[in-house]
Amino acid sequence: MARLVAAGATNQQVVLELFISVKTVQYHLTHVYSKLGIRSHSEPAARFREMPFSE
């Protein structure tokens, strides 16, 4: 999910890609945003690109 958001995907695009509900995406992103101090949907892409992800 984080990779998709970092690539600029909307919540709806994440839903279609991962076959999960919009509420699931909103739930997880809300918690991630809170932990990272992110306040808007436009901030995560920059923050997530700075983070290393294991393959």
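Note on numbering: residues in each chain are counted from 1, in written sequence order. Reporting in this predicted model follows two pLDDT cut-offs: at least 70 for local features of residues, and 80 or more for side-chain atom pairs to be given and counted; totals over whole chains, interfaces and linings ignore these cut-offs and use all residues. In computing side-chain properties, one takes all heavy atoms of the structure into account and sets aside hydrogens as well as water.

### A short note on unusual backbone geometry
Alright, step 1. A positive phi angle, close to 60°, is found at F19, a residue other than glycine.
Alright, step 2. Among the structural elements, F19 can be located in the loop between α2 (11-18) and α3 (22-36). Numbering of helices and strands runs from the N terminus; a helix is a DSSP stretch of H or I covering at least four residues, while a strand is a stretch of E covering at least two.

### A closer look at the environment of V22
Alright, step 1. Relative to the assigned elements, V22 resides in helix α3.
Alright, step 2. Along the chain, V22 and Q12 lie ten residues apart, while their C-alpha atoms are 6.7 Å from each other.
Alright, step 3. Here, residues are in contact when the closest pair of their heavy atoms is within 4.5 Å. Once residues lying within four places of it in the same chain are set aside, the contact partners of V22 are Q12 and V15.

### Considering the packing of α2 against α3
Alright, step 1. Inter-axis angles, ranging from 0 to 180 degrees, are taken between N-to-C directions of lines fitted to C-alpha atoms, where helices are fitted over the stretch in contact. Look at α2 against α3: their axes get within 9 Å of each other, and the N-to-C directions meet at 115°. At the point where α2 passes α3, the crossing takes the right-handed sense. Taking contact as the criterion, the partners of N11, Q12, V14 and V15 in α2 are, on α3, V22, V25, Q26 and L29.
Alright, step 2. Each residue belonging to the contact of α2 with α3 can be placed in one class, and the counts come to five nonpolar, three polar and no charged. Left-handed is the label given to a crossing in which the near helix is rotated counterclockwise from the far helix by less than a right angle, and right-handed is the label when the rotation is clockwise. When residues are sorted by character, Ala, Val, Leu, Ile, Met, Phe, Trp, Tyr, Cys and Pro go into the nonpolar class, Asp, Glu, Lys and Arg into the charged class, and all the rest, Gly among them, into the polar class.

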